[in-house]
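Close look at the chain arrangement
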Amino acid sequence: MQLLHHQTSPGRAPGRPVSTAQRKRILVFSPDADLASNLALLLADTCETIVETEFCLLSQRIQQMHPALVIVDLFSLPADAVRQLQTLEQAKLTVPVVLLRSYRSNAEVERIIERLKGFVIYKPADVEMVTTLVAGLLEARPPRGIS
């Protein structure tokens, strides 16, 4: 697990400390460590970002950190994506889930995404789209953890 903190926030002077209590936690999962780190850096100005790159630890991270939002980079193969989505379902998340996925279609993947009420961004992901979506979701829904 990698914990990234950045000490600026929109509307604040650079270098002015941001209280940990003011920062919402986001869990970023991707098996691609570079993608996960880049997403974390993009979001570091506004939230506490925790990166997980090991699928076997995803459920544990969700339970431990009670994130305000979860970003998941779905595996390309449908069977693997189904396992990821089932893990998210089993966590009984009550927070927004942003899913980065390929255009490959699969009926079971689509059904689980519908049940999760996940927000889908197709890869390659547009950076501005991701940051805008995350900011909007964090403002619209206060962190409620998991049930």
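Residues numbered from 1 in each chain as written. Predicted model: local features only at pLDDT ≥ 70, side-chain atom pairs only at ≥ 80, totals over all residues. Heavy atoms only, no water.

Per the secondary structure count, the protein chain includes five helices and six strands. Shown N-terminal to C-terminal, the secondary structure of the protein chain runs as helices and strands in the order β-β-α-β-α-β-α-β-α-β-α. Here the protein chain, with 147 residues, has 41% of them falling under the buried criterion. On the protein chain, roughly 7800 Å² of surface is accessible, and the fraction owed to carbon and sulfur atoms is 53%. (Helix = DSSP H or I, 4+ residues; strand = E, 2+ residues; numbered from the N terminus. Buried < 20%, exposed > 50% of the residue type's maximum accessible area, 1.4 Å probe, protein only. Areas by Shrake-Rupley, 256 points an atom, 1.4 Å probe, with all protein chains shown as cover.)

Moving on, we come to the pattern of salt bridges. Evaluated as defined, the whole model comprises six salt bridges. A salt bridge links Lys123 to Asp73; the nearest nitrogen and oxygen atoms lie 2.6 Å apart. A residue pair is termed long-range when its members are at least 10 positions apart, and Lys123 in the loop between β6 (119-122) and α5 (127-140) and Asp73 in strand β4 (residues 69-73) qualify at 50 residues. Two residues, Glu89 and Arg115, come together in a salt bridge whose shortest N-O distance is 2.6 Å. Taken together, the residues Glu89 in helix α3 (residues 78-90) and Arg115 in helix α4 (residues 107-116) connect sequence positions 26 residues apart. (Salt bridge = Lys/Arg side-chain N within 4 Å of Asp/Glu carboxyl O.)

Here we take up the confidence of the model for the protein chain. Per-residue confidence for the protein chain gives a mean pLDDT of 80; residues scoring 70 or more make up 80%. Scored below 50 in pLDDT, residues 1-18 shows 40 contacts in the model against residues more than four places distant or in partner chains. Low pLDDT, under 50, characterises residues 142-147; the stretch is placed with 19 contacts to residues that sit more than four places away or in other chains. (pLDDT = per-residue confidence, 0-100. Contact = heavy atoms within 4.5 Å.)

Summed over all chains, the structure comprises four aromatic pairs. Here Phe29 and Phe75 contribute two aromatic rings whose centre-to-centre distance is 6.3 Å and whose plane-to-plane angle is 85°, an arrangement assigned as edge-to-face. Of the two residues, Phe29 sits in strand β2 (residues 24-29) while Phe75 sits in the loop between β4 and α3, which places them 46 residues apart along the sequence. Residue Phe29 is classed as buried on the basis of its relative accessible area, which comes to 0%. Ring centres of Phe55 and Phe75 lie 5.9 Å apart, and the angle between their planes is 70°; on these two criteria the pair is classed as edge-to-face. A residue pair is termed long-range when its members are at least 10 positions apart, and Phe55 in the loop between β3 (47-52) and α2 (58-65) and Phe75 in the loop between β4 and α3 qualify at 20 residues. Within the aromatic cluster, the residues linked to one another by ring pairs are Phe29, Phe55 and Phe75. (Phe/Tyr/Trp six-rings, centres within 6.5 Å; stacked < 30°, edge-to-face > 60°.)

Moving on to α3. A rise of 1.5 Å per residue sets the reference length of α3, with its 13 residues, at 18 Å; its end C-alpha atoms lie 18 Å apart and thus fit the reference within 8%. Residues Ala81, Val82, Gln84, Leu85, Thr87 and Leu88 constitute the buried set of α3. Considering only its buried residues, α3 is in contact with β2, α2, β4, β5 (97-101) and α4. Just past α3, the residue Lys92 takes up positive phi, approximately 50°. (Expected span 1.5 Å × (residues − 1).)

Turning to helix α1 (residues 33-43), a few remarks are in order. For α1, the complete set of buried residues consists of Ala36, Leu39, Ala40 and Leu43. The buried residues of α1 occupy one face: seen down the axis, they fall within an arc of 100°. Turned more than 90 degrees off the buried face of α1, the exposed positions are Asp34 and Leu41. The N-cap residue of α1 is Asp32: its side-chain oxygen and the backbone nitrogen of Asp34 are 3.0 Å apart. (Arc of directions from axis to C-beta. Polar contact = N/O pair within 3.5 Å; in protein donor to acceptor, adjacent residues only side chain to side chain.)

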